[in-house]
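If you want the building blocks of each chain, they are given just below.
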Amino acid sequence: MSRIGRMPIAVPAGVTVEIAENNKVTVKGPKGELSRVLPPEMEIKQEDGQVLVSRPNDLKRMKSLHGLTRTLVNNMVVGVTEGYTKLLEINGVGYRASKAGNKLTLNLGYSHPVIMEDPEGIESAVEGNKITIKGIDKEKVGQYAAEIRDKRRPEPYKGKGIKYADEVIRRKVGKTGKK
């Protein structure tokens with residue numbers, strides 16, 4: 001049995017979970033509403049304040065979908081109650097970020113500034129050399145953070161670029177001159 005898939009999902013007060021046909025799950029909470037169509041093979045039930053996910057048989061595909069389905073529902077519940085945040089750091093001389101409306105402007109040593117528009121439901125904030133991305137959809141927050149990081153990935157010699165706050169860059173030793 002899937003250890004993750006077996007665990008029940010506690011539904012906190014103020015959150016409603018609706019399970020429609022074809023496993024369309026809608027979660028409403030204080031921060032907003034998320035809905036997603038989950039694999040139809042999985043059986044999703046709501047019993048006394050918690051959501052349970054079960055699988056029909058032990059085929060490899062069903063086993064892998066079991067844990068995934070439970071995690072997706074749990075991420076939606078956490079998203080509408082607490083939300084998700086990603087923190088990015090900009091390192092490098094002259095590398096800057098600024099925010100105007102819903103446009104994020106990045107100066108990353110290119111001949112032009114890189115302008116990115118916040119996707120729907122995602123907020124970004126700039127504070128010094130840190131960029132904070134907030135939202136209720138874990139997938140969208142992570143995707144937008146990855147797209148920002150992709151504009152100038154951290155390089156291993158000086159560590160310049162955009163990195164996640166908890167990311168560790170493996171540094172390399174530069175070349176040495178001949179004597």
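Residues numbered from 1 in each chain as written. Predicted model: local features only at pLDDT ≥ 70, side-chain atom pairs only at ≥ 80, totals over all residues. Heavy atoms only, no water.

**Observations concerning the packing of aromatic side chains**
Here is step 1 of the chain: In the structure shown here, the tally under the stated rule is zero aromatic pairs.
Here is step 2 of the chain: Cation over ring: K86 sits above Y164, and NZ or CZ is 5.1 Å from the ring centre.
Here is step 3 of the chain: Of note, R152 hangs over the ring of Y110, and the distance from its end group to the ring centre comes to 4.4 Å. (Phe/Tyr/Trp six-rings, centres within 6.5 Å; stacked < 30°, edge-to-face > 60°. Lys NZ or Arg CZ within 6 Å of the ring centre and 35° of its normal.)

**Considerations on the sheet that holds strand 2 (residues 16-20)**
Strand pairing in a sheet relies on backbone hydrogen bonds, with the paired strands running either antiparallel or parallel.
Here is step 1 of the chain: Within the open sheet, the three strands sit side by side as 2-3-4. Their pairing is antiparallel. Looking at strand neighbours, the two that pair on one side only are strand 2 and strand 4 (32-37), the edges of this open sheet. Within the sheet, the average angular offset between the axes of one strand and its neighbour, ignoring direction, is 15°.
Here is step 2 of the chain: Examined bridge by bridge, strand 3 (residues 24-29) and strand 4 share six bridges and lie antiparallel to one another. Residue K24 lies in a different strand from strand 4, and its bridge partner there is V37.
Here is step 3 of the chain: Packed on one face of the sheet, helix 2 (residues 60-81) meets strand 3 and strand 4 and runs near 170° to strand 4. (Pairing = 2+ DSSP bridges. Helix = DSSP H or I, 4+ residues; strand = E, 2+ residues; numbered from the N terminus. Axes fitted to C-alpha atoms, helices over the stretch in contact; angles between N-to-C directions. Contact = heavy atoms within 4.5 Å.)

**Some words on the nonpolar core**
Here is step 1 of the chain: Formed by 20 residues in total, the largest nonpolar core has its most connected members in V15, V17, V25, V27, L38, I44 and V51.
Here is step 2 of the chain: Elements supplying a minimum of two residues to this core: strand 3, strand 6 (50-54) and helix 2.
Here is step 3 of the chain: When residues in this core are grouped by element, the largest group, seven residues, is from helix 2.
Here is step 4 of the chain: Formed by 18 residues, the second largest nonpolar core is a distinct cluster that contains Y95, A97, M116 and I162. (Core = buried A, V, L, I, M, F, W, Y, C linked by side-chain atoms within 4.5 Å. Buried < 20%, exposed > 50% of the residue type's maximum accessible area, 1.4 Å probe, protein only.)

**Focus on the sheet that holds strand 8 (residues 96-100)**
Here is step 1 of the chain: Strand order in this open sheet of three strands is 8-9-10, and the pairing throughout is antiparallel. This sheet does not close on itself; its edge strands, each paired only once, are strand 8 and strand 10 (114-117). Within this sheet the neighbouring strands show an average axis-to-axis angle of 20°, counted without direction.
Here is step 2 of the chain: When strand 9 (residues 103-107) meets strand 10, the two strands line up antiparallel, connected through four bridges. The partner of L104 across the bridge, within strand 10, is M116.
Here is step 3 of the chain: Packed on one face of the sheet, helix 3 (residues 138-150) meets strand 9 and strand 10 and runs near 175° to strand 10.

**Description of the environment of G79**
Here is step 1 of the chain: When you line up the elements, G79 lands in helix 2.
Here is step 2 of the chain: Note on G79: relative accessible area 0%, which makes it buried.
Here is step 3 of the chain: Here the alpha-carbon distance between G79 and V27, two residues 52 residues apart in the chain, equals 9.3 Å.

**Here we look at helix 3**
Here is step 1 of the chain: Taking 1.5 Å as the rise per residue, helix 3 with 13 residues should run 18 Å; its terminal C-alpha atoms sit 18 Å apart, in good agreement.
Here is step 2 of the chain: Listing the buried residues of helix 3 in full gives V141, Y144, A145, I148 and R149. The buried side chains of helix 3 occupy one side of the element, clustering within an arc of 140° when seen end-on.
Here is step 3 of the chain: Contacts from the buried residues of helix 3 go to strand 7 (84-91), strand 9, strand 10, strand 11 (122-127), strand 12 (130-135) and strand 13 (161-164).
Here is step 4 of the chain: Two or three places before E139, at the opening of helix 3, D137 has a side-chain oxygen 3.1 Å from that residue's backbone nitrogen. (Expected span 1.5 Å × (residues − 1). Arc of directions from axis to C-beta. Polar contact = N/O pair within 3.5 Å; in protein donor to acceptor, adjacent residues only side chain to side chain.)

**Side note on the pattern of salt bridges**
If the charged atoms of two oppositely charged side chains come close together, the side chains can form a pair.
Here is step 1 of the chain: Scanning all chains against the criterion turns up 11 salt bridges.
Here is step 2 of the chain: Measuring nitrogen to oxygen at the nearest pair gives 3.5 Å for the salt bridge that ties K163 to E89. Of this pair, K163 sits in strand 13 while E89 sits in strand 7, and the two are 74 residues apart along the sequence.
Here is step 3 of the chain: With a relative accessible area of 16%, E89 lands in the buried category.
Here is step 4 of the chain: A salt bridge links R153 to D150; the nearest nitrogen and oxygen atoms lie 2.8 Å apart. (Salt bridge = Lys/Arg side-chain N within 4 Å of Asp/Glu carboxyl O.)

Interpretation in functional terms is not warranted from these geometric data alone.
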